[in-house]
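Spelled out, the chains give:
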Amino acid sequence: MNSNHSSLEIIKTIAALQNHLQKQSSQKPVGLVPTMGALHNGHLSLIKTAQAQAAMVVCSIFVNPTQFTNISDLEKYPKPVEADLSKLEQAQCDILFMPDVQEMYPQKEHWHLNIGEIEHRLEGKFRPGHYQGVMQIVYKLFMAVKPDLAFFGQKDFQQIRVIEKMTELKKLPVKLVVCPIIREADGLAMSSRNIHLSNQERKHALVLSWALSQLKKSYVKEASPELRKEAMELISAEPQVQLEYLEIVNMDNLNQDTSDPTQGIIALLAAKVGQTRLIDNMILS
Ligand code: AMP
């Protein structure tokens, strides 16, 4: 199913993927970059990092229905397939795994993995069930690709902690690699959802990365409640932006005990700009 002039192998079924990987079994380690498509430079940076560390890079594109907690968000999720293909060809990615829903969910199934509190904090509070859906699909992708390395963006920081927990509980032999957030020149974190922003909304959305960078500047050693309050006030001064949460937490377990200076501290937020929900975060120490 190779497209004409490129070396990108486009594969749509698990059987064909495994067959192909078997034939190329000398190409180790295998790196996986899971995405939902509508690729931007953030995704492409993951692929670049994967290429530096793996002999074979599989990018998956699958808009996973079980992780959406809002049906209209799922329905309007962008699917620019042709543009994605040409970006992957240009990036010289080896394999695009692009299954359909029937392939990943051939029958109704129950999934639940208890990973404790981390599932329910921050994003989990606003999108209940989201991380169960994320674990369900990432587990399936790991089973299909059997990657040695898997690459995820810090942009979805809580997701990394969730997937770490899942790989630990399921004893999966995969190393997770965290890649930095890629931003637009003006600071806005790249996201497939940014295309839903009007010009005006896009300008308003800048307050999110601005507030985080101000927080980082003022942060010295302690995550004082005043710092958080100041950042929240900056955001609430932008009436088009509805903040859902802004938390300063311990990077290890995402709880609010930030007293141990040896542990990293991160500020995370989610906000709605018009109808578009955006997330962002910044490591403070
Ligand atoms: P998504 O397609 O939004 O599910 O994202 C797929 C992967 O790309 C996830 O690991 C994200 O964290 C990562 N990603 C998304 N946006 C960015 C960004 N701006 N910079 C770096 N990685 C990103």
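Just above, that's the structure.
What counts, and at which threshold
Throughout, residues of each chain are indexed from 1 in the direction in which the sequence is written. Local features in this predicted model are restricted to residues of pLDDT 70 or higher, and side-chain atom pairs are both shown and tallied only at a pLDDT of 80 or more, whereas totals for entire chains, interfaces and linings draw on every residue. Here the side-chain values reflect all heavy atoms present in the structure, with hydrogen atoms and water set aside. Only DSSP runs of H or I with at least four residues qualify as helices, and only runs of E with at least two residues qualify as strands; both kinds are numbered from the N terminus onward. Each radius of gyration reported is based on C-alpha atoms, and the globular scaling rule is 2.2 Å times the count of residues to the power 0.38. Three labels apply to residues, based on accessible area from a 1.4 Å probe with only protein chains included: buried if under 20% of the type maximum, exposed if over 50%, partly exposed otherwise in between. Consider each residue's heavy atoms; a residue with any of them within 4 Å of a molecule or strand counts as near. We call two N or O atoms a polar contact when they sit within 3.5 Å, provided that within protein one can donate a hydrogen and the other can accept it, with sequence-adjacent residues counted only if both atoms are side-chain atoms. Surface accessibility follows the Shrake-Rupley procedure with a 1.4 Å probe radius. Residue values consider only the protein chains on display as shielding. Contact definition: two residues touch when any of their heavy atoms are within 4.5 Å. When DSSP finds at least two bridges between two strands, those strands are taken to pair. Here, the term right-handed applies to a crossover whose path from the first strand over the helix to the second runs clockwise when the strands point away from the viewer. As a rule, the C-alpha atoms of each element are fitted with a line to give its axis, helices using only the stretch in contact, and angles between N-to-C directions run from 0 to 180 degrees. For salt bridges, the criterion is a side-chain nitrogen of Lys or Arg within 4 Å of an Asp or Glu carboxyl oxygen.

*Asks:* Can you walk me through the overall build of the protein chain in this structure?
*Replies:* Looking only at helices and strands, the protein chain features ten helices and nine strands. The globule rule puts the C-alpha radius of gyration for 285 residues at 19 Å, and the 19 Å found for the protein chain is close to it. Expressed as lengths along the three principal axes of its C-alpha atoms, the size of the protein chain is roughly 60 × 40 × 40 Å. The proportion of buried residues among the 285 residues of the protein chain is 52%.

*Asks:* What should I look at first to understand the site of the ligand in this one?
*Replies:* In the neighbourhood of the ligand, 16 residues make up the surrounding shell, with H43, G153, D156, I182 and M190 lying closest. In this structure, an oxygen atom belonging to the ligand sits 2.9 Å away from a side-chain N or O atom of H43. When the free accessible area of the ligand is taken as 480 Å², the share hidden by the protein chains comes to 93%. For the shell around the ligand, the leading source of residues is helix α2 (residues 41–53), giving three residues.

*Asks:* Can you help me understand the side chain of Q158 in this one?
*Replies:* One can find Q158 in helix α8 (residues 157–169). In this structure, Q158 is in contact with I118, E119, R121, L122, E123, G124, Y131 and L254, ignoring residues within four places of it in sequence.

*Asks:* What is the right way to look at the pairing of strand β5 (residues 149–153) in this model?
*Replies:* Side chains on a regular strand alternate between the two faces of the sheet. With five of its five residues buried, β5 lies for the most part within the structure. Neither face of β5 is open: one carries L149, F151 and G153, the other A150 and F152, and all of them are buried. Direction of pairing for strand β2 (residues 30–35) relative to β5: parallel, over a ladder of two bridges. From the neighbouring strand, L32 faces β5, where its bridge partner is A150. Of the pairings in the sheet, the one linking β5 to strand β6 (residues 175–179) comprises five bridges and is parallel in character. By the bridge assignment, G153 is partnered in β6 with C179. Viewed along the sheet, the connection from β5 through α8 into β6 turns out right-handed.

*Asks:* Explain the sheet that holds strand β8 (residues 265–273) here, please?
*Replies:* The pairing of strands in a sheet happens through backbone hydrogen bonds and is either parallel or antiparallel. Read across the sheet, three strands follow the order β7-β8-β9 without closing on themselves; strand pairing throughout is antiparallel. In this open sheet, the two edge strands, each paired with only one partner strand, are β7 (241–250) and β9 (276–283). Looking at each pair of strands side by side, their axes are set apart by 15° on average, direction ignored. When β7 meets β8, the two strands line up antiparallel, connected through nine bridges. Bridge pairing links Q242 to K272 in β8. Against the sheet, helix α9 (residues 199–218) contacts β7, β8 and β9, and its axis sits at roughly 20° relative to β9. Of the strands in this sheet, β7 and β8 are in contact with helix α10 (residues 225–236), which crosses β7 at around 160°.

*Asks:* Teacher, can you tell me more about the pattern of salt bridges here?
*Replies:* Taken as a whole and assessed by the stated rule, the structure comprises eleven salt bridges. The shortest N-O distance in the salt bridge between K140 and E109 comes to 2.8 Å. You can see K140 sitting in helix α7 (residues 130–145) and its partner E109 sitting in the loop between α5 (101–104) and α6 (123–126), a full 31 residues away along the chain. Taking the shortest distance from any N to any O, the salt bridge between R277 and E244 comes out at 2.7 Å. One end of the pair, R277, is in strand β9; the other, E244, is in strand β7, with 33 residues separating them in the sequence. Assessed through its relative accessible area of 17%, R277 is described here as buried. Where salt bridges share partners, they join D73, R127 and R193 into one cluster.

*Asks:* Help me understand unusual backbone geometry in this model?
*Replies:* If a residue is not glycine, its phi is most likely negative; likewise, a peptide bond is most likely trans. Here K28 and P29 are connected by a cis peptide whose omega angle stands at -5°. Tracing the backbone shows P29 in the loop between α1 (14–23) and β2. A positive phi is found at Q92, a non-glycine position, where the angle reads about 55°. Among the structural elements, Q92 can be located in the loop between α4 (81–90) and β4 (95–97). For Q92, a relative accessible area of 59% translates into the label exposed. Its identity as a non-glycine residue notwithstanding, L254 has a phi of 60°, on the positive side. By the element assignment, L254 lies in the loop between β7 and β8.

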